[in-house]
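Here is what each chain is made of, one letter per residue.
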Amino acid sequence: MVDKRIVVALDYPGQDEALAFVNQISPESCRLKVGKELFTKEGPQFVEKLQSNGFEIFLDLKFHDIPNTVAQAVKVAADLGVWMVNVHALGGRRMMETVCERVSNLNQRPKLIAVTVLTSMEAADLTEIGLNYSPEEMVSRLASLTKSSGFDGVVCSALEAGMIKSMNGSEFLTVTPGIRPADASTDDQSRIMTPELAVKNGSDYLVIGRPITKSVDPVASLEAIRQSIGEI
């Protein structure tokens, strides 16, 4: 069975709109990402509803706080039964190691992923906040820190996935937003790649939102991307 590489970002303002799409697809076709907007409005009950329908959920809340606060939040997410959860790698080693310790003995431990550099950020953005590295250099440093802290992988641009794999091993997961079919709008993403090239470059999971959810036929768009990367 082919592992489901596509994680559809449910970029909808509420559950009615999200479910109108979700009810047309099968859990065998993709995983789903619930982010800040939808989770803030609909809460854990919405995640549970999606899971009861058979979908694996990436809870994309990008936790970034003191170690104990983040570790407790991740434990709550784990208790909710999500497939994957993320934090900001910029929270540092102690934060990530505390997370690993807090969930290490759970029967159902989610995949732990850290955000390196947001795909909307360019070198000028990093310089403005006092980080005098290129996006690639910053991603490399944070990915190595994430692995040594015990996490399963990182969120990164598909442009950097190959580099991360070569430095941290093939088992270290790369979760890549900023995926755009060749004919799609770039929206507010800067470091982007097509699905086919992303897979070739080492992306394990492709996070795709608006090219699917905002298309004229979201289900057809999802199936076309699945076909382009060899899942059907």
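Keep in mind it's a predicted model, so treat the numbers as computed, not measured. (Residues numbered from 1 in each chain as written. Predicted model: local features only at pLDDT ≥ 70, side-chain atom pairs only at ≥ 80, totals over all residues. Heavy atoms only, no water.)

**Re the UniProt feature "active site" (unreviewed entry) in the chain**
Defined as follows: UniProt positions are given in the numbering used here, feature names are shortened, and annotations may be inferred rather than shown by experiment. Helix numbers and strand numbers start at the N terminus; a helix is a DSSP run of H or I with at least 4 residues, a strand a run of E with at least 2. Exposure classes here rest on a 1.4 Å probe applied to the protein chains alone. A residue is buried below 20% of its type maximum, exposed above 50%, and partly exposed in between. Contacts were defined at the residue level, with two residues in contact if any of their heavy atoms lie within 4.5 Å. Definition of a polar contact: a pair of N or O atoms within 3.5 Å, with one able to donate and the other able to accept a hydrogen when the atoms are protein atoms, and with sequence-neighbouring residues admitted only if both atoms are side-chain atoms.
UniProt's entry tags Lys62 with the feature "active site" (unreviewed entry), counted in the numbering of this structure. Assignment of secondary structure puts lysine 62 in strand S3 (residues 57-63). Of the residues examined, lysine 62 reaches a relative accessible area of 22% and is grouped as partly exposed. Contacts of lysine 62, omitting those with residues within four sequence positions, involve Lys36, Asn86, Val87, His88, Val115 and Leu118. Separated by 2.9 Å, the side chains of lysine 62 and aspartate 60 make a polar contact.

**Brief notes about the pairing of strand S7 (residues 173-176)**
Consecutive side chains along a regular strand alternate between the two faces of the sheet. Operational definition: Any two strands are treated as partners once DSSP identifies two or more bridges connecting them. Handedness of a crossover: with both strands directed away from the viewer, a clockwise path from the first strand across the helix to the second marks it as right-handed.
Burial along S7 is two-sided: Leu173 and Val175 and Thr174 and Thr176, pointing in opposite directions, are all buried. Taken together, the three bridges between strand S6 (residues 153-155) and S7 define a ladder with parallel strand orientation. In the strand pairing of S7, glycine 153 is matched with leucine 173. Where the polypeptide runs from S6 across helix H8 (residues 158-168) and back to S7, its parallel neighbour, the crossover connection is right-handed.

**Quick notes on the state of the cysteines**
What counts is decided by this rule: Put simply, a disulfide is two cysteine sulfurs that come within 2.5 Å.
In total, this model carries zero disulfides according to the counting rule given. Of all cysteine sulfurs in the structure, the one in cysteine 100 sits closest to cysteine 156, which takes part in no disulfide; the separation is 18 Å. On the basis of relative accessibility, which here comes to 0%, the residue cysteine 156 falls in the buried class.

**A closer look at the side chain of serine 221**
Position of serine 221 among the secondary structure elements: in helix H11 (residues 218-228). In this structure the side chain of serine 221 is engaged in a polar contact, spanning 2.8 Å, whose partner is the side chain of serine 215. If near-sequence neighbours (up to four positions away) are discounted, serine 221 is found in contact with Pro211, Ile212 and Ser215.

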